[in-house]
Amino acid sequence: AQTVTQSQPEMSVQEAETVTLSCTYDTSESDYYLFWYKQPPSRQMILVIRQEAYKQQNATENRFSVNFQKAAKSFSLKISDSQLGDAAMYFCAYRRTGTASKLTFGTGTRLQVTL
Amino acid sequence: GAVVSQHPSRVICKSGTSVKIECRSLDFQATTMFWYRQFPKQSLMLMATSNEGSKATYEQGVEKDKFLINHASLTLSTLTVTSAHPEDSSFYICSVRGDSKETQYFGPGTRLLVL
């Protein structure tokens, strides 16, 4: 079974600084998707970034970028120029390809942004 | 992407009553919808996969007769919590795969409190 591990229950970053959230996963599949979702206090799950395993290039969305290391099964999220609105729970998620596949979530990392 | 709505956003009910939660895909037809449950400070737990025109697929440990799922149209899935008890109090979130079938998008969630 696939598992997703987020080893940092909480992280803190100062406004305008950079922070990296860690995520590792376990799978025997070669083709899959990886996601980072953000859950602010409103509890609405928001997609932050997506990575296809067959792509070697790391995904980037504005201030958010990932470091995808397929051999190491690592998928970290870097947030640059942190803003107060970035404060939220961040969930790493895995899904293998195929219409019947399901999302597997990590336990989440709570990010605090301080002034 | 995909826009997903849920109704109601929060509901309080008495123990023993049934509660229906609606999930709507607003901007495209979803043959598959997913229902999750989230306890405070925890990750999302998949309860069931809702398939349009057929029976839902429930995850291990989820009572089918307790959590009734109906997916009668391509834009609407409902979750009915039957004979609710205080331990059913939780945050329920629905999700759909976007038209690209790769990424899941989430509704805003429904907070259920059973007294």
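Right above here is the structure, for reference.
Residues numbered from 1 in each chain as written. Chains lettered and ligands numbered in written order. Predicted model: local features only at pLDDT ≥ 70, side-chain atom pairs only at ≥ 80, totals over all residues. Heavy atoms only, no water.

Explain the interface of chain B and chain A residue by residue, including any values.
At the junction of the two partners, chain B supplies 22 residues and chain A supplies 21 residues. Counting the surface lost from both chain B and chain A, the interface buries some 1,800 Å², and carbon and sulfur atoms represent 46% of this. Our count for the chain B to chain A interface comes out at one salt bridge. Across the pair K102 of chain A and E59 of chain B runs a salt bridge whose closest N-O atoms are separated by 2.8 Å. Counting the contacts that link chain B with chain A gives nine residue pairs in polar contact (both at pLDDT 80 or more). (Contact = heavy atoms within 4.5 Å. Buried area = accessible area lost by both parts, 1.4 Å probe. Salt bridge = Lys/Arg side-chain N within 4 Å of Asp/Glu carboxyl O. Polar contact = N/O pair within 3.5 Å; in protein donor to acceptor, adjacent residues only side chain to side chain.)

Describe the side chain of Q39 of chain A, listing the residues and the values that go with them.
Mapping Q39 of chain A onto the fold places it in strand β5 (residues 32-39). For Q39 of chain A, a relative accessible area of 7% corresponds to the buried category. Within the structure, the side chain of Q39 of chain A is placed 2.9 Å from the side chain of Q38 of chain B, a separation counted as a polar contact. Beyond its immediate chain neighbours, meaning those up to four positions away, Q39 of chain A contacts Q44, M45, A88, M89 and F91 of chain A together with Q38, F91 and I93 of chain B. (Helix = DSSP H or I, 4+ residues; strand = E, 2+ residues; numbered from the N terminus. Buried < 20%, exposed > 50% of the residue type's maximum accessible area, 1.4 Å probe, protein only.)

Residues and numbers for the state of the cysteines, please.
Residues and elements named next belong to chain A. Across all of its chains, the model carries two disulfides over all chains by this definition. Across the disulfide, C23 is cross-linked to C92 (sulfur-sulfur distance 2.0 Å). Across the S-S bond linking C23 and C92, the dihedral sits near -70°, which makes this disulfide left-handed. Of this pair, C23 sits in the loop between β3 (19-21) and β4 (24-26) while C92 is found in strand β10 (residues 88-96), placing the two residues 69 residues apart along the sequence. Taking relative accessible area as the criterion, C23 reaches 2% and is therefore assigned buried. (Disulfide = S-S within 2.5 Å.)

Mind laying out the sheet that holds strand β3 (residues 19-25) of chain B, listing which residues take part and the relevant values?
Two pairing modes exist for strands in a sheet, parallel and antiparallel, and in both the strands are linked by backbone hydrogen bonds. All names here are of chain B. Spatially, β1-β3-β8-β7 is the arrangement adopted by the four strands of the open sheet, whose pairing is antiparallel. Of all strands in the sheet, those with a lone pairing partner are β1 (4-7) and β7 (67-73), marking the two edges. With strand direction ignored, the average angle separating the axes of adjacent strands in the sheet is 15°. As judged from the five bridges shared by β7 and strand β8 (residues 76-81), these two strands associate in the antiparallel manner. Directly across from S73, in β8, lies its bridge partner L76. (Pairing = 2+ DSSP bridges. Axes fitted to C-alpha atoms, helices over the stretch in contact; angles between N-to-C directions.)

Geometric descriptors of this kind do not, in isolation, establish any biological role.
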